[in-house]
Amino acid sequence: MSLRIPQIGSLCISLKGHDKGRTYIVTQVLSPEYVGLCDGKVRKLKNPKKKRFKHVQVLNASADSELLKSIVNGTAKDNQLHKCLLNYQKSIPGG
Amino acid sequence: MIPIKNAKEIAKMRAVNAIVAAAHRHIQGYLSAGITAKEIDTIVEDFILSQGAKPNFKNLYRYPAATCISINDAVIHGIPKAVALKDGDIVSLDFGAVLDGWHGDAARTYAIGSVSNSAQRLIEVAKECFYQGLAEARAGRRVGDISYAVQAHAEKNGCSIVRSYSGHGIGRRLHEEPAIPNYGAKGQGALLKRGMTLAIEPMINLGGFEVKVDADGWTVRTQDGFLSAHYENTVLITDGEPEILSR
């Protein structure tokens, strides 16, 4: 039986912890329970936030295919992630 | 922490996975047009019980059946219903068992009667992807090496990889660490060590990689309605060649 995992490149919002409400991009699937999250500013690609998958809500948005490819290949830059999240914030009402 | 199994524990995993493999061989004799998914589920469950093991999917996360039976555009987690298989269908059977507290898991996609060339090729590519991943499943390599090999083979053959579901570690629990995504980069992810047991399971689509979940909350389908195939075995990492426990 396959395991549901967060998709690398998905945007998500923290539901628990001191970072509650912060948006991130999933950059790593560490285990069935844990993901690595970055926002390119507070949490950079060199130091992803390790968080329980159940403590985030996956948003109906994801990195574009080019950024996704660079995340998977390890060539993404922090400013690209940050820009992606800023674009998302601008796209939502009141963002 | 990824559990490492000792010799005694591996022997138990061999035993339960042998039952899962035997159940797959047993059900093949029944697969033809007219049989319903519900009937297949009953035959598999009865077989596993007759071997002294128990189906381990049943009631896990409240899943209601012993098997996942996914037909045509259904990728995984199809709940067996009283729907008869038709000539030309492809059907993925995914099930496992638990014996003495140790779990086994395997999936295959079968052709019912004569299927289209593209469907037949899809089934073959899913199996080939598993073996490409298996070739990387060695002590000293990383999970990403498996993921990359699976993805590369699928995409080279014009298929896409389901990204939101993955393989997994297996042992005392059906789902253990690590997750084994079917896409990724070489050299990334957890280091593989002797004694780890992994369920490697490529899920391959003829169309795009996007999937959706039916209203039943379980059945995962391709979003574009194209066919999907699934191939899975439980594998033991050794110092040399990996061992397929559910062969």
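Check the entry above for the structure.
Predicted model, so just to flag it, every value in this text is computed and none were measured. (Residues numbered from 1 in each chain as written. Chains lettered and ligands numbered in written order. Predicted model: local features only at pLDDT ≥ 70, side-chain atom pairs only at ≥ 80, totals over all residues. Heavy atoms only, no water.)

A. Spotlight on the sheet that holds strand S13 (residues 228-230) of chain B. As summarised here, the arrangement of the three strands in space is S6-S10-S13 (chain B), forming an open sheet in which the pairing is antiparallel. Looking along the sheet, the strands with just one partner apiece sit at the ends: strand S6 (160-161) and S13 of chain B. (Pairing = 2+ DSSP bridges. Helix = DSSP H or I, 4+ residues; strand = E, 2+ residues; numbered from the N terminus.)

B. Examining the interface of chain B and chain A more closely. Across the contact, 32 residues belong to chain B and 14 residues belong to chain A. Buried area between chain B and chain A, summed over both chains or domains, comes out near 1,700 Å², and the portion from carbon and sulfur atoms is 61%. At the boundary of chain B and chain A, one finds zero salt bridges. Of all the secondary-structure elements, those providing two or more residues to the side of chain B that touches chain A are strand S7 (165-169) and strand S8 (176-180) of chain B. Of the residues assigned to the side of chain B that touches chain A, the class counts are 16 nonpolar, eight polar and eight charged. Across two bridges, strand S1 (residues 3-4) of chain A lies against S7 of chain B in antiparallel orientation. Within S7 of chain B, the residue paired with Arg4 of chain A across the bridge is Tyr165 of chain B. (Contact = heavy atoms within 4.5 Å. Buried area = accessible area lost by both parts, 1.4 Å probe. Salt bridge = Lys/Arg side-chain N within 4 Å of Asp/Glu carboxyl O. Nonpolar A, V, L, I, M, F, W, Y, C, P; charged D, E, K, R; others polar.)

C. Focus on the side chain of Ser70 of chain A. Residue and element names in this part refer to chain A. Note on placement: Ser70 falls in helix H1 (residues 65-73). With a relative accessible area of 10%, Ser70 lands in the buried category. At a separation of 2.8 Å, a polar atom in the side chain of Ser70 contacts the main-chain carbonyl oxygen of Leu67. Excluding residues that lie within four positions of it along the chain, Ser70 makes contacts with Thr75, Ala76 and Gln80. (Buried < 20%, exposed > 50% of the residue type's maximum accessible area, 1.4 Å probe, protein only. Polar contact = N/O pair within 3.5 Å; in protein donor to acceptor, adjacent residues only side chain to side chain.)

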